[in-house]
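These are the residues of each chain, in order.
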Amino acid sequence: MVRLVESGGGSVQAGGSLRLSCTISGYMSTRYCMAWFRQAPGKEREEVAWLYIGGSSTGYADSVKGRFTISHDIANNTLALQMNSLKLDDTAMYYCAADQLVCVARVRGAPKEYTYWGQGTQVTVSS
């Protein structure tokens with residue numbers, strides 16, 4: 001079973017930065033899809049960034065484009081989300097997710113959801 005554990009969340013003032021990390025344990029394919037999601041109270045879940053590991057492709061939601069950067073550390077087997085210029089609207093519970101087929105399936109126009117999820121880490125941005 002694949003296990004994902006997020007860390008790095010906390011409280012920060014608007015305009016500040018945080019770096020989230022997701023440790024990955026268990027077996028995963030050579031190529032697999034990972035992403036960062038967030039969900040705030042009263043709002044729907046939003047996929048803010050994704051990375052096709054082994055496929056050299058990434059994507060970002062318009063709401064975070066230019067401010068957030070997703071990356072994968074091969075040596076430490078972690079997925080990171082560098083968040084800069086944080087805004088009040090960035091306040092949410094952030095989750096990492098993984099699946100072997102999501103990235104490929106979406107390119108092909110097929111429906112597919114992420115299989116593995118972490119427990120989440122809270123990010124709170126204040127003025």
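Note that this is a predicted model, so its numbers are computed, not measured.

How each quantity is defined
- Residues numbered from 1 in each chain as written.
- Predicted model: local features only at pLDDT ≥ 70, side-chain atom pairs only at ≥ 80, totals over all residues.
- Heavy atoms only, no water.
- Phe/Tyr/Trp six-rings, centres within 6.5 Å; stacked < 30°, edge-to-face > 60°.
- Helix = DSSP H or I, 4+ residues; strand = E, 2+ residues; numbered from the N terminus.
- Buried < 20%, exposed > 50% of the residue type's maximum accessible area, 1.4 Å probe, protein only.

Draft legend 1. Here's a closer look at the packing of aromatic side chains. Applying the stated criterion across every chain yields a total of three aromatic pairs. Between Phe 37 and Trp 117 the ring centres are 4.8 Å apart and the planes differ by 50°, which places this aromatic pair in the tilted class. Of this pair, Phe 37 sits in strand β4 (residues 32–39) while Trp 117 sits in strand β10 (residues 116–117); the two residues are 80 residues apart in sequence, bridging distant segments of the chain. Residue classification places Trp 117 among the partly exposed positions, given a relative accessible area of 30%. For the ring pair Tyr 114 and Trp 117, a centre distance of 6.3 Å and an interplane angle of 75° mean the geometry is edge-to-face. For Tyr 114, a relative accessible area of 5% puts it in the buried group.

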